[in-house]
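Listed below, chain by chain, are the residues.
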Number of protein chains: 2
Amino acid sequence: MAGNTKERLLDSSGELFRRQGYMGTGVKQILAEAGAPFGSLYHHFPGGKSDLGAETVRRSGFLYGLLLGEFAGPEVELAGGIRAFFAGAAGTLRETDYADACPIATVALEVSSSDEEMRQACADVFNAWIEGGTARFELAGIPHARARTLVIQMLAALEGAFVLSRALRSTEPVELAGEASVASIEAALAA
Amino acid sequence: MAGNTKERLLDSSGELFRRQGYMGTGVKQILAEAGAPFGSLYHHFPGGKSDLGAETVRRSGFLYGLLLGEFAGPEVELAGGIRAFFAGAAGTLRETDYADACPIATVALEVSSSDEEMRQACADVFNAWIEGGTARFELAGIPHARARTLVIQMLAALEGAFVLSRALRSTEPVELAGEASVASIEAALAA
DNA sequence: GTCTATAGAAGGATAGAC
DNA sequence: GTCTATCCTTCTATAGAC
């Protein structure tokens, strides 16, 4: 049960960070959401909020990377998998009233110039996505350098589309970013 | 001098929001930065922080739109202007230690699911950028629907590249996003 | 009508009861 | 070793002195 509490804390903070960011989420809110008593936070995360925050970012980022892998894994055709992923992201936005987009983007922007430990956690996640994506694109026959470029452009398109879609409350940006990414990938596959 | 204080407050909050976001910036910090006494905030912005916040977003967004227009205005060749804008954004990131990117993106992600007034201010800015950009692209001979699509894809690429570049402390994402955007625009111009 | 002092709530963190 | 009660700080906002 003790290990369960730690997982619930990470789950709750992950959900709240995604919607409200790091600065906008209080530890009391996280504890209430997790149904955990106050002291348990400092039992499981001696470093307090920043400790929990860094581990939340790494965990949420890892899980989101897995989700991307489920849509565009080696067993499916690459361009079709990416197309499905963007379509799924647009659907999730609609279903959650534009709340659930990238789990770490808000935090990344908030901490990049003020909290080096948290910034590093975000950077580690993005680098893992880039490396994992590059390997997947190479498996489809795209040369390494081109694969890496395409992945970074795709992730940028996705993250920026999330910013626009959430603010505009429209899935149009995510859909258009998906189309652009798929087109680039198909061009690279045809080359 | 009174009007000057209001402008200084907007300037200070704009700078701080860009680096730390809305939630991470306290009104006392804004006042200290502007060299203004505490009461002046509520004199110029009766609604308090959210009042100042919304006006800051609209003003910062308007000014950033002007900057974009300076780089890619009607008097310069479109693709070259866009290329120069992304190069300038990368240069600014390097010069400011990856602090100065989009003035409203952090705020937009923070407030999109929690503060409707602020979210609307961000949406108004993004819509103005989209409309202004679409008009500029049409002037270069690109049909309306295609122009609008290209602008949204370009803005998404820019915003997402800022997220990655700030977290990774590398201008690579911004540079690659610029290349992708320029290539799309050149393809549309050639069609 | 400019500014200071303070209120009242919420923030993160800790000490210690059990 | 789980949880509660409390501490100190910081937050936004207001009241009122001058």
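Throughout what follows, the structure given in this document is the object of discussion.

Rules used in this analysis
Residues numbered from 1 in each chain as written. Chains lettered and ligands numbered in written order. Predicted model: local features only at pLDDT ≥ 70, side-chain atom pairs only at ≥ 80, totals over all residues. Heavy atoms only, no water. Near = heavy atom within 4 Å. Polar contact = N/O pair within 3.5 Å; in protein donor to acceptor, adjacent residues only side chain to side chain. Helix = DSSP H or I, 4+ residues; strand = E, 2+ residues; numbered from the N terminus. Nonpolar A, V, L, I, M, F, W, Y, C, P; charged D, E, K, R; others polar. Least-squares fit on C-alpha atoms with pLDDT ≥ 70 in both. Contact = heavy atoms within 4.5 Å. Expected span 1.5 Å × (residues − 1). Buried < 20%, exposed > 50% of the residue type's maximum accessible area, 1.4 Å probe, protein only. Core = buried A, V, L, I, M, F, W, Y, C linked by side-chain atoms within 4.5 Å. Buried area = accessible area lost by both parts, 1.4 Å probe. Salt bridge = Lys/Arg side-chain N within 4 Å of Asp/Glu carboxyl O. Lys, Arg positive; Asp, Glu negative; His and termini not counted. Phe/Tyr/Trp six-rings, centres within 6.5 Å; stacked < 30°, edge-to-face > 60°. Lys NZ or Arg CZ within 6 Å of the ring centre and 35° of its normal.

1. Observations regarding the protein's contact with DNA strand D
At step 1: Close to DNA strand D lie Pro37(A), Phe38(A), Gly39(A), His43(A), Thr25(B), Gly26(B), Val27(B), Lys28(B), Phe38(B), Tyr42(B), Gly48(B) and Lys49(B).
At step 2: Across the atoms of DNA strand D situated within 4 Å of the protein, the share located in sugar and phosphate is 50%.
At step 3: Here a phosphate oxygen of DNA strand D and a backbone polar atom of Val27(B) are 2.8 Å apart.
At step 4: Lys49(B) has a polar backbone atom sitting 3.0 Å from a phosphate oxygen of DNA strand D.
At step 5: Of all the secondary-structure elements, those providing two or more residues to the surface near DNA strand D are α3 (38-44) of chain A together with α2 (27-34) and α3 (38-44) of chain B.
At step 6: For the surface near DNA strand D, the per-class residue count stands at five nonpolar, five polar and two charged.

2. Overview of the relation of the copies chain B and chain A
At step 1: If you rotate chain B by 180 degrees and push it 0.0 Å along the axis, it lands on chain A with an RMSD of 0.0 Å. Taken together, the turn and the small shift mark the pair as related by a two-fold rotation axis. Minimal C-alpha separation from the rotation axis in chain B is found for Gly160(B), amounting to 1.8 Å.
At step 2: The residues that chain B uses at the interface reappear at the interface of chain A in 100% of cases, marking a shared surface.

3. Quick word on the protein's contact with DNA strand C
At step 1: By nearness alone, every residue bordering DNA strand C is listed as Thr25(A), Gly26(A), Val27(A), Lys28(A), Phe38(A), Tyr42(A), Gly48(A), Lys49(A), Pro37(B), Phe38(B), Gly39(B) and His43(B).
At step 2: Take the atoms of DNA strand C that sit within 4 Å of the protein: sugar and phosphate atoms are 50% of them.
At step 3: In the model, a phosphate oxygen of DNA strand C is placed 2.7 Å from a nitrogen or oxygen of the Val27(A) main chain.
At step 4: Between DNA strand C and the protein, one listed contact pairs a phosphate oxygen with a side-chain N or O atom of Tyr42(A) at 2.8 Å.
At step 5: At the level of secondary structure, the elements contributing two or more residues to the surface near DNA strand C comprise α2 (27-34) and α3 of chain A together with α3 of chain B.
At step 6: Per-element tally for the surface near DNA strand C: the top contributor is α3(B), with three residues.
At step 7: Across the surface near DNA strand C, the residue classes tally to five nonpolar, five polar and two charged.

4. As for helix α9 (residues 172-190) of chain B
At step 1: The terminal C-alpha atoms of α9(B), which comprises 19 residues, lie 27 Å apart, in line with the 27 Å expected from a rise of 1.5 Å per residue.
At step 2: What α9(B) keeps buried is the set Pro173(B), Val174(B), Leu176(B), Ala177(B), Gly178(B), Ser181(B), Val182(B), Ile185(B) and Ala188(B).
At step 3: The inward-facing, buried residues of α9(B) abut α8 (144-168) of chain A together with α5 (78-95), α7 (116-139) and α8 (144-168) of chain B.

5. Focus on the nonpolar core
At step 1: Formed by 132 residues in total, the largest nonpolar core has its most connected members in Phe137(A) and Phe137(B).
At step 2: Every residue in contact with Phe137(A), bar those within four places of it in the chain, is listed here: Leu78(A), Ile82(A), Ile142(A), Ala147(A), Leu150(A), Val151(A), Met154(A) and Ile185(A).

6. So, the environment of Ala183(A)
At step 1: The residue Ala183(A) is located in helix α9 (residues 172-190) in this model.
At step 2: As for Ala183(A) and Arg83(A), which are separated by 100 residues in sequence, their C-alpha atoms are 9.7 Å apart.

7. A short note on the interface of chain B and chain A
At step 1: With 41 residues of chain B in contact, the opposing surface of chain A contributes 41 residues.
At step 2: Across the chain B to chain A interface the summed buried area is about 3500 Å²; carbon plus sulfur atoms make up 69%.
At step 3: Put simply, chain B and chain A have two salt bridges between them.
At step 4: Across the pair Glu172(A) and Arg148(B) runs a salt bridge whose closest N-O atoms are separated by 2.8 Å.
At step 5: Taken together, the connections running from chain B to chain A amount to ten residue pairs in polar contact (both at pLDDT 80 or more).
At step 6: Among the secondary structure elements, those contributing two or more residues to the side of chain B that touches chain A are α1 (2-20), α6 (105-111), α7, α8 and α9 of chain B.
At step 7: When residues in the side of chain B that touches chain A are grouped by element, the largest group, 15 residues, is from α8(B).
At step 8: For the side of chain B that touches chain A, the per-class residue count stands at 23 nonpolar, nine polar and nine charged.

8. Quick word on the side chain of Glu110(A)
At step 1: If you trace the backbone, Glu110(A) turns up in helix α6 (residues 105-111).
At step 2: Buried charge Glu110(A) goes without a salt bridge, the closest partner of opposite sign being Lys49(A) at 7.7 Å.
At step 3: A polar atom in the side chain of Glu110(A) sits 3.1 Å from the backbone nitrogen of Met23(A).
At step 4: Leaving out residues up to four positions away in the same chain, Glu110(A) has contacts with Gly21(A), Tyr22(A), Met23(A), Gly24(A), Arg19(B), Gln20(B), Met23(B), Thr106(B) and Glu110(B).

9. Concerning the packing of aromatic side chains
At step 1: Per the counting criterion, the structure on display carries 14 aromatic pairs over all chains.
At step 2: Arranged with centres 5.6 Å apart and planes meeting at 75 degrees, the rings of Phe126(A) and Trp129(A) form a pair that is edge-to-face. Of this pair, Phe126(A) and Trp129(A) both sit in helix α7 (residues 116-139), three residues apart, which is roughly one turn of that helix.
At step 3: Classification of Phe126(A) by relative accessible area gives buried; the value is 0%.
At step 4: Under the relative-accessibility criterion, Trp129(A) is labelled buried at 10%.
At step 5: Between Phe71(B) and Phe85(B), the aromatic rings sit 5.7 Å apart at their centres with planes inclined by 75 degrees, giving edge-to-face as the arrangement. With Phe71(B) in helix α4 (residues 49-71) and Phe85(B) in helix α5, this residue pair connects regions lying 14 residues apart in the sequence.
At step 6: Through pairs of rings, three or more aromatic residues link up here, namely Tyr64(A), Phe71(A), Phe85(A), Phe86(A), Phe126(A) and Trp129(A).
At step 7: Taking the ring centre of Tyr22(B) as reference, the NZ or CZ of Lys49(B) above it sits at 4.4 Å.

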